[in-house]
Amino acid sequence: VSLALMSGPPDTAYSNLTDLTPDDVQGCRCLYGLPANTQEGYICSLPSKLDFGTVTVGTRSAPTRVTVSNIGNASMTMGGIQMQGAGFAFTSNSCGSGTALPPGASCAFDIAAAPDAAQFRHAEAILNTSGGPYRIPLSVVGSPMPPPVLNFEGAWWNAPAGSEDGWGLTL
């Protein structure tokens, strides 16, 4: 995440921040666990980013499944998942608002890329939880629709003499 203290190349530029952000705290918990005597649910199973490659404009990529697992020592509640940006869609979601995840429990959702323009698109899937938001960067390159394939089999010039061309004209 580019607006985190512990960010930097190759995925982001250095932020020069001095205070920890929620993303920094989540990263530390995934690396080192919870502080002593802390009861909290948290997630470390999320991908750092989802890159869908190149997808033809007007079509949808195969969905990618994201599993959300509570590895903390207390229950956590999902507050819903939202998409920030265009060109992507949720195709299924068992992590809806109000879903309780006790320690060790999981839910899942699927995301597909659906570019609406022939250009690079990026967005974020934001998982709102009782432990704070989690963000997954998304990217796709929309490619133009391929030209239609023309099939000249059965064209009027192959029709026998004296037959009609479909518009009432005799050949």
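In this report, the structure presented in the accompanying data block is examined.

Each value, and the rule that gives it
- Residues numbered from 1 in each chain as written.
- Predicted model: local features only at pLDDT ≥ 70, side-chain atom pairs only at ≥ 80, totals over all residues.
- Heavy atoms only, no water.
- Pairing = 2+ DSSP bridges.
- Helix = DSSP H or I, 4+ residues; strand = E, 2+ residues; numbered from the N terminus.
- Axes fitted to C-alpha atoms, helices over the stretch in contact; angles between N-to-C directions.
- Contact = heavy atoms within 4.5 Å.
- Core = buried A, V, L, I, M, F, W, Y, C linked by side-chain atoms within 4.5 Å.
- Buried < 20%, exposed > 50% of the residue type's maximum accessible area, 1.4 Å probe, protein only.
- Salt bridge = Lys/Arg side-chain N within 4 Å of Asp/Glu carboxyl O.
- Disulfide = S-S within 2.5 Å.

### Thoughts on the sheet that holds strand S6 (residues 106-113)
Thought 1: Sheet architecture is open: 3 strands sit in the order S2-S6-S4, paired in antiparallel fashion. Sheet topology places strand S2 (64-69) and strand S4 (88-93) at the edges, where each strand pairs with a single neighbour. Ignoring strand direction, the axes of neighbouring strands in this sheet form an average angle of 30°.
Thought 2: As paired strands, S4 and S6 are joined by 5 bridges and run antiparallel to one another. Paired with Phe 88 across the bridge in S6 is Ala 113.

### Quick notes on the environment of Ala 112
Thought 1: Locating Ala 112 in the fold gives a position in strand S6.
Thought 2: Separated by 25 residues in the primary sequence, Ala 112 and Gly 87 have C-alpha atoms spaced 8.8 Å apart.
Thought 3: Among residues more than four places away in sequence, those in contact with Ala 112 are Phe 52, Arg 60, Ser 61, Ala 62, Pro 63, Gly 87, Phe 88, Ala 89 and Thr 91.

### Notes on the nonpolar core
Thought 1: If you look at the biggest cluster of nonpolar residues, it comprises 26 residues, and the most contacted ones within it are Val 68, Phe 109, Leu 127, Ile 136 and Leu 138.
Thought 2: Listing elements by their share of this core, those giving two or more residues are strand S1 (50-56), S2, strand S3 (76-84), S6, strand S7 (120-129) and strand S8 (132-143).
Thought 3: Look past the residues within four positions of Phe 109 in its chain and what remains in contact with it is Thr 64, Arg 65, Val 66, Val 68, Ile 81, Phe 90, Ser 92, Asn 93, Cys 95, Leu 127 and Ile 136.

### Brief notes about the pattern of salt bridges
Pairs can form between side chains of opposite charge once their charged atoms are near each other.
Thought 1: Throughout the structure, instances matching the rule amount to 3 salt bridges.
Thought 2: Close ionic contact of Arg 121 with Asp 116 constitutes a salt bridge, the shortest N to O distance being 2.7 Å.
Thought 3: Taking the relative accessible area as the measure of exposure, Asp 116 reaches 48% and is therefore partly exposed.
Thought 4: With its nearest N and O atoms 3.0 Å apart, the salt bridge here joins Glu 124 to Arg 135. With a gap of 11 residues between them, Glu 124 in strand S7 and Arg 135 in strand S8 connect regions that are remote in the sequence.
Thought 5: For Glu 124, a relative accessible area of 19% corresponds to the buried category.

### Section: the state of the cysteines
Thought 1: By the definition in use, this model includes 1 disulfide.
Thought 2: Covalent S-S linkage joins Cys 95 and Cys 107, the inter-sulfur distance amounting to 2.1 Å. On the sign convention where negative is left-handed, the bridge of Cys 95 and Cys 107, at about 110° about the S-S bond, is right-handed. Taken together, the residues span a long stretch of sequence, with Cys 95 in the loop between S4 and strand S5 (100-101) and Cys 107 in strand S6 at a distance of 12 residues.
Thought 3: We classify Cys 107 as buried; its relative accessible area is 6%.

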